[in-house]
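# Per-entry structural report
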Amino acid sequence: ALLNAGVNVPFACSEGICGTCRVGVLDGLPDHRDNFLSAEEKSCNGSILVCCSGSRSPVLTLDLEYGKTKTSIEDQGGFFLGATLDINGGLLMR
């Protein structure tokens, strides 16, 4: 859904086995369909592999900067890079 909406997310396998497309989850309940995250990581709902997984809630808010080194929000001009998708895969904001 992200790629179809024009959001550039790194990916490699498109099958949920490599972890390249892993992003953070800020809000909502992911539907984990990957074979990369451990059962413990899936139960925490802190990240999701967007190449193959979806949302169990009407809205899923993602942190597209997950895992990257950040300074502070002020140092980045107050901007946050994220995406919110509705259950049908439509991009609500970037």
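Please read all numbers here as calculations on a predicted model, not as lab measurements.

## Comments concerning the confidence of the model for the chain
Summary statistics for the chain give a mean pLDDT of 77 and a share of 70% for residues scoring 70 or more. Taken element by element, the predicted model of the chain shows its lowest mean pLDDT in strand β7 (residues 91-93) (46) and its highest in helix α1 (residues 39-44) (96). A low-confidence stretch, residues 70-81 stays under pLDDT 50, and its non-local contacts, those more than four residues away or across chains, total 13 contacts. A low-confidence stretch, residues 89-94 (pLDDT under 50), is modelled with 19 contacts involving residues beyond four sequence positions or located in other chains.

## Here we look at the nonpolar core
Core analysis: the largest hydrophobic core is formed by twelve residues, namely Leu 2, Val 7, Val 9, Cys 21, Val 23, Val 25, Leu 37, Ile 48, Leu 49, Leu 60, Leu 62 and Leu 64. For this core, the secondary structure elements donating two or more residues are β1 (22-27), β3 (47-49) and β5 (59-63). Cys 21 has contacts with Val 9, Pro 10, Phe 11, Ile 48, Leu 49, Val 50 and Cys 51, leaving out every residue within four places of it along the chain.

## Notes on the pairing of β1
Both β1 and β3 contribute to a ladder of three bridges, which runs antiparallel. The residue of β3 that forms the bridge with Arg 22 is Leu 49. In terms of strand pairing, β1 meets β5 through three bridges, oriented antiparallel. Directly across from Val 25, in β5, lies its bridge partner Leu 62.

## Brief notes about the side chain of His 32
Relative to the helices and strands, His 32 resides in the loop between β2 (30-31) and α1. Within polar-contact distance, the side chain of His 32 engages the backbone oxygen of Lys 42 at 3.3 Å. Within the structure, His 32 has its side chain in polar contact with the side chain of Asn 45 (distance 3.1 Å). Once residues lying within four places of it in the same chain are set aside, the contact partners of His 32 are Leu 37, Lys 42, Asn 45, Ser 47, Ile 48 and Ser 53.

Calculation rules
Residues numbered from 1 in each chain as written. Predicted model: local features only at pLDDT ≥ 70, side-chain atom pairs only at ≥ 80, totals over all residues. Heavy atoms only, no water. pLDDT = per-residue confidence, 0-100. Helix = DSSP H or I, 4+ residues; strand = E, 2+ residues; numbered from the N terminus. Contact = heavy atoms within 4.5 Å. Core = buried A, V, L, I, M, F, W, Y, C linked by side-chain atoms within 4.5 Å. Buried < 20%, exposed > 50% of the residue type's maximum accessible area, 1.4 Å probe, protein only. Pairing = 2+ DSSP bridges. Polar contact = N/O pair within 3.5 Å; in protein donor to acceptor, adjacent residues only side chain to side chain.

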